[in-house]
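In case you want the letters, here they are:
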Amino acid sequence: MSSEYMIYSTLRRIGIFFVIVGFFVLKYTLKLIGWVVKKCWRWYRYGRVSS
């Protein structure tokens, strides 16, 4: 086993890990943004209606 192969396999493992983590972070960030936008939109609309 050459050191180059070791480095390559380690980098690949780290890359897969980052892709999985990034996917989950992105998913939950989008969910959170959507929730905040919905909250703001509802508050904005009710604010307009009540005044």
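In case you missed it, the structure is sitting above this.
From a predicted model like this one, the values you see are computed outputs, not experimental measurements.

> Go over a nonpolar patch on the surface, please, and point to the residues and values.
Where nonpolar side chains cluster on the molecular surface, the patch consists of Ile7, Leu11, Ile14, Phe17, Phe18, Val21 and Val25 and spans about 690 Å² of accessible area. Note that leucine 11 resides in helix 1 (residues 3-50). For leucine 11, a relative accessible area of 56% corresponds to the exposed category.

> Explain the packing of aromatic side chains to me, and be specific about the residues and the numbers.
Counted according to the given criterion, the structure contains three aromatic pairs. The interplanar angle of 65° and the centroid separation of 6.0 Å between the aromatic rings of phenylalanine 17 and phenylalanine 18 together place this pair among those described as edge-to-face. Across the ring face of tyrosine 46, the terminal group of arginine 45 is positioned such that the distance to the ring centre comes to 5.9 Å.

What counts, and at which threshold
- Residues numbered from 1 in each chain as written.
- Predicted model: local features only at pLDDT ≥ 70, side-chain atom pairs only at ≥ 80, totals over all residues.
- Heavy atoms only, no water.
- Patch = residues over 30% accessible without salt bridge, like charges linked within 9 Å, V, L, I, M, F, W, Y side chains within 5 Å.
- Areas by Shrake-Rupley, 256 points an atom, 1.4 Å probe, with all protein chains shown as cover.
- Salt bridge = Lys/Arg side-chain N within 4 Å of Asp/Glu carboxyl O.
- Helix = DSSP H or I, 4+ residues; strand = E, 2+ residues; numbered from the N terminus.
- Buried < 20%, exposed > 50% of the residue type's maximum accessible area, 1.4 Å probe, protein only.
- Phe/Tyr/Trp six-rings, centres within 6.5 Å; stacked < 30°, edge-to-face > 60°.
- Lys NZ or Arg CZ within 6 Å of the ring centre and 35° of its normal.

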